Amino acid sequence: FILRKSDLKCEIHRVETLPDFIDQLQNTQVDVILADYRLPGFTAIDAWNALSALKADGDPPPFILLSGAIGEPAAVDAVKRGISDYLLKDNMARLSHVIQRAIEVHHNRREKDRANAKLAESRQRLAELAEHLQTSIEQERADIAREIHDDIGGSLAAVKFDLALLARRADDSDNRNA
């Protein structure tokens, strides 16, 4: 009733048993889950555990716990488990606000996760580029060193031949003058 009075456009799926809840999760796209703390036949914690098991590798939708008399320790425990938010039933006028906030926080978290994944990918590419650049620099240095070595080696060999030639000419001159 409260949701219908709010500006939220919503389609409500009500389940009575844990197997029905699991079936809905598997067959329906869900934007948010509202669960009473004590449901007939199962609890909201049972529902959360089932949701967590089904979405272990994915991103579960926001899960809002509703209760008539949940104590603070139970609410804190629920949030520590990963439940998005809780709302006391005597404050149901805030339900649409709590749903909107939970969806917004969920959306922001997904966007942050995507941005972090892109950042990690970018850092990885940067590291690969830096490694490639370093390898290229080292290869270029090795090529230059080989080229210098070959040039100097060739020049030294030419100087050695020139010296040998000069030495032979000097010996020939000495032999002629003697």
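From a predicted model like this one, the values you see are computed outputs, not experimental measurements.

## Digging into the overall build of the chain
Assigned secondary structure in the chain consists of five helices and five strands. Reading the chain from its N terminus to its C terminus gives the helix and strand order α-α-β-β-β-α-β-α-β-α. Relative to a compact globule of 178 residues, whose C-alpha radius of gyration would be 16 Å, the chain shows 39 Å and is clearly more extended. If one aligns the C-alpha atoms of the chain with their principal axes, the spans along those axes are about 130 × 35 × 30 Å. Counting only residues that meet the buried cut, the chain has 20% of its 178 residues in that class. Restricting to contacts in the chain with at least 6 residues of sequence separation, those with at least 24 account for 61%. On the chain, roughly 13300 Å² of surface is accessible, and the fraction owed to carbon and sulfur atoms is 53%. With 24 positive and 30 negative side-chain charges, the chain shows a spacing of 6 Å between the two charge centroids.

## Focus: the packing of aromatic side chains
Tallying each qualifying case throughout the model produces two aromatic pairs. Taking 6.5 Å as the distance between ring centres and 35° as the angle between the ring planes, the aromatic pair formed by Phe21 and Phe42 counts as tilted. Residue Phe21 is found in helix H2 (residues 18-27), and its partner Phe42 is found in strand E3 (residues 42-43); the two are separated by 21 residues along the sequence. A relative accessible area of 7% means that Phe21 is categorised as buried. Seen in terms of ring centroids, Trp48 and Phe63 are 5.4 Å apart; in terms of plane orientation they differ by 70°. Their pairing is edge-to-face.

## Some points on the nonpolar core
Across soluble globular proteins, you tend to see nonpolar side chains buried next to one another. Judged by nonpolar contacts, the single largest core of 18 residues is most densely connected at Phe21, Ile33, Leu51, Phe63, Leu65 and Ile83. Looking at this core element by element, the count peaks at six residues for helix H3 (residues 44-54). If sequence neighbours within four positions are ignored, Ile83 has contacts with Ile45, Trp48, Phe63, Leu65 and Ala78. Of all hydrophobic cores here, the second largest spans eight residues; its members include Ile64, Met92, Val98 and Ile99.

## Comments concerning a negative patch on the surface
Taken together, the side chains of Glu140, Glu147, Asp150 and Asp151 define an acidic patch exposed on the protein surface. Considering the arrangement of structural elements, one finds Glu147 in helix H5 (residues 95-177).

## Here we look at the side chain of Ser67
Its location among the elements puts Ser67 in strand E4 (residues 63-67). On the accessibility criterion, Ser67 (4% relative accessible area) is buried. Leave out the neighbours within four places in its chain, and Ser67 touches Asp36, Tyr37, Leu87, Leu88 and Lys89.

## Brief notes about the pattern of salt bridges
Evaluated as defined, the whole model comprises seven salt bridges. Close ionic contact of Asp59 with Arg109 constitutes a salt bridge, the shortest N to O distance being 2.6 Å. With a gap of 50 residues between them, Asp59 in the loop between H3 and E4 and Arg109 in helix H5 connect regions that are remote in the sequence. According to the relative accessible area criterion, Asp59 is partly exposed, its value standing at 31%. Overall, Arg109 belongs to the partly exposed group, its relative accessible area being 36%. With its nearest N and O atoms 2.6 Å apart, the salt bridge here joins Asp143 to Arg146.

About the thresholds
Residues numbered from 1 in each chain as written. Predicted model: local features only at pLDDT ≥ 70, side-chain atom pairs only at ≥ 80, totals over all residues. Heavy atoms only, no water. Helix = DSSP H or I, 4+ residues; strand = E, 2+ residues; numbered from the N terminus. Rg over C-alpha atoms; globule rule 2.2 N^0.38 Å. Buried < 20%, exposed > 50% of the residue type's maximum accessible area, 1.4 Å probe, protein only. Contact = heavy atoms within 4.5 Å. Areas by Shrake-Rupley, 256 points an atom, 1.4 Å probe, with all protein chains shown as cover. Lys, Arg positive; Asp, Glu negative; His and termini not counted. Charge placed at Lys NZ, Arg CZ, Asp CG, Glu CD. Phe/Tyr/Trp six-rings, centres within 6.5 Å; stacked < 30°, edge-to-face > 60°. Core = buried A, V, L, I, M, F, W, Y, C linked by side-chain atoms within 4.5 Å. Patch = residues over 30% accessible without salt bridge, like charges linked within 9 Å, V, L, I, M, F, W, Y side chains within 5 Å. Salt bridge = Lys/Arg side-chain N within 4 Å of Asp/Glu carboxyl O.

Interpretation in functional terms is not warranted from these geometric data alone.
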